[in-house]
Amino acid sequence: MASGAPEQSSQMAEETPSFLDEFLRDFPAPLSAESPLPWKIPGTVLSQEEVEGELAELAVGFLSSRNAPPPLAASLAHEAVAQLLQTDLSEFRKLPRQEEEDSEEVEEEKAPVTLLDAKGLALSCFNRLWDVCSQWQQQVPSAARAPQRRWLVSVHAIRNTRRRMEDRHVCLPAFNQLFGLSDPVDRAYFAVFDGHGGVDAARYAAVHVHANAARQPELPTHPEGALREAFRRTDEMFLWKAKRERLQSGTTGVCALIAGKTLHIAWLGDSQVVLVQQGQVVRMMEPHKPERQSCGSQRCLRNQLPSSRLAVPDARPVERRGPHSGCLPQDEKERIEALGGFVSYMDCWRVNGTLAVSRAIGDVFQKPYVSGEADVASRELTGSEDYLLLACDGFFDVVSHQEVAGLVQSHLARQRGSGLHVAEELVAAARERGSRDNITVMVVFLRDPGDLLEGWAQGAGESQADRRSQDLPSALSEPENNTPWRS
């Protein structure tokens, strides 16, 4: 059984030969130029900077659809894409469309990028993949045979009552294999992106944020800085694409990179991640909302609303102490106003009367008021952590952080320690509470859910014993060095 414990498994070594044999039976030769592609290409053109991420996404998606073990799919995709990137890509160069050259606006702001033919690149990538499978059928490299940590991740996403599904998510336990990282630090990457105004920005972020992070030289030494730069660079790349293709969408996002024994998170907007440790929610971040500002004066947005509206626009109280403990900290409102924008209340707080988030990838017509600069945080993992939960605002708008632990615990109790479908139950809970938005929930177990259930049961018993001892006369009380389990 896949689990969140750091188990090593040789299962991939057993599955690899049969997968390669089946693949080469179905594709006995490389594709010709006239052959239909076995995958859907991402548009007609790619910039040179987009090639690695887009082709890796194509290859991994195709191999996964054929039930390739995730580490094998990542290793094959990396080798195929790396070989292609070492060739001269100028043969795929595509001239800009005449209408773009004639457009004064595009000419003025056009990004200095070379556009390449996406179909030709996809065909060449598939044939490189075929070559790699043929070579590995004879001898699989030792690096690709190395046992990997196995993760239990439960994820569920629904369109709900919205017309379109604009959320995207990424589950990449084989981060190192996909990008050919050979250092001894094991890495796994998980992310949720919540698009608005279309799905283009969310899909783009789900392909390129982790690819950009892997390219950062500081990833081994300063992972949080690499994540911050990855968000910034992805935003910049998408803005070029948006201007080129006249796209107007944007996306919030949150990601978690587990590197060795350290958890690194980065986020833009109101998608969130929470960590649960021994049944207690550990809050690691504060979402970016237009009304978020430093408190301590009459400028507080709570003081600018009629009393009847005080409960409407605010998020649940932040875990802070002081006279304004229910207010949101930091400086989003001040930043927007300093740039010449404004924050107004129109059914909720909005930037320039439009967007209800103050940071996002994309939203080309709201830059720079809607920032593409991510916030980051890190935390050392001790082994006592239960799981991570990443979700969009369609979930967190109706389910509080503190309710998460109880919902997960109840599910595991009913399912006798199986966490495979816990995300489905969390999504259902959000929908039952009135969420009409797209909903995506991802639960990444850091310990085996069966062990969690056993620990909770033991902790409940110790708590009851502790309460009974407190009811005894003082002369009969047990010693106080028996510390109850935290629940």
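None of the values given here were measured: they were computed from a predicted structure.

Draft legend 1. A look at the overall build of the protein. The secondary structure content of the protein amounts to 15 helices and 17 strands. Here the protein holds 487 residues, and 51% of them are scored as buried. Accessible surface for the protein amounts to roughly 22900 Å². Of this, 48% is attributable to carbon and sulfur atoms.

Draft legend 2. Inspection of helix α14 (residues 422-432) at higher detail. Listed as buried for α14 are Val 422, Ala 423, Leu 426, Val 427, Ala 429 and Ala 430. All buried residues of α14 project into a common sector of 155° when viewed along the axis, lining one side. In the stretch just after α14, Gly 434 is the one whose phi turns positive, near 110°.

Draft legend 3. Layout of the pairing of strand β11 (residues 280-283). Where strand β10 (residues 272-277) lies against β11, four bridges are found, and the strand directions are antiparallel. When the sheet's bridge partners are listed, Leu 275 is paired in β11 with Val 282. Hairpin remark: β10 followed by β11, antiparallel, with two residues in the connecting loop; positive phi at Gln 278, about 50°.

Draft legend 4. Inspection of the side chain of Ser 358 at higher detail. Here Ser 358 shows up in the loop between β13 (349-351) and β14 (361-362). Among the polar contacts made by the side chain of Ser 358, one reaches the side chain of Glu 332 at a distance of 2.5 Å.

Draft legend 5. The arrangement of the pairing of strand β16 (residues 385-391) in detail. Among the seven residues of β16, seven are classified as buried, and the element is accordingly described as predominantly covered. Pairing between β10 and β16: six bridges, direction antiparallel. If you follow Val 274 over to β16, its bridge partner there is Leu 389. As paired elements, β16 and strand β17 (residues 439-445) share five bridges and run antiparallel to each other. Bridging across to β17, Ala 391 finds its partner in Val 441.

Draft legend 6. How the structure looks around the environment of Arg 66. Within the secondary structure, Arg 66 sits in the loop between α2 (51-65) and α3 (70-85). With a relative accessible area of 21%, Arg 66 lands in the partly exposed category. Arg 66 sits 47 residues away from Phe 19 along the chain, and the two C-alpha atoms are 8.5 Å apart. Those residues in contact with Arg 66 that lie beyond four places of it in its chain are Phe 19, Glu 22, Phe 23, Asp 26 and Phe 27.

Draft legend 7. Structural detail: the sheet that holds β17. What the five strands build is an open sheet, ordered β5-β17-β16-β10-β11; its pairing is antiparallel. Among the strands making up the open sheet, the edge pair consists of β5 (153-158) and β11. Between one strand axis and the next, the sheet turns by 20° as a mean value, whatever way the strands run. α14 rests against β5, β16 and β17 of the sheet, and its axis sits at about 145° to β17.

Draft legend 8. Quick peek at the pattern of salt bridges. Evaluation of the coordinates by the stated rule reveals 23 salt bridges. Glu 49 is the partner of Arg 233 in a salt bridge, and the nearest nitrogen-oxygen pair spans 2.5 Å. With Arg 233 in helix α10 (residues 223-245) and Glu 49 in the loop between β2 (45-47) and α2, the pair connects residues that are 184 residues apart, well separated along the chain. Overlapping salt bridges bring together Glu 49, Glu 229, Arg 232, Arg 233 and Glu 236 as one network.

Draft legend 9. Representation of the confidence of the model for the protein in the model. Per-residue confidence for the protein averages 84 on the pLDDT scale, and 80% of its residues sit at or above 70. Every residue in residues 468-487 is under pLDDT 50, and counting partners more than four places away or in other chains gives 17 contacts.

Cut-offs applied
Residues numbered from 1 in each chain as written. Predicted model: local features only at pLDDT ≥ 70, side-chain atom pairs only at ≥ 80, totals over all residues. Heavy atoms only, no water. Helix = DSSP H or I, 4+ residues; strand = E, 2+ residues; numbered from the N terminus. Buried < 20%, exposed > 50% of the residue type's maximum accessible area, 1.4 Å probe, protein only. Areas by Shrake-Rupley, 256 points an atom, 1.4 Å probe, with all protein chains shown as cover. Arc of directions from axis to C-beta. Pairing = 2+ DSSP bridges. Polar contact = N/O pair within 3.5 Å; in protein donor to acceptor, adjacent residues only side chain to side chain. Contact = heavy atoms within 4.5 Å. Axes fitted to C-alpha atoms, helices over the stretch in contact; angles between N-to-C directions. Salt bridge = Lys/Arg side-chain N within 4 Å of Asp/Glu carboxyl O. pLDDT = per-residue confidence, 0-100.

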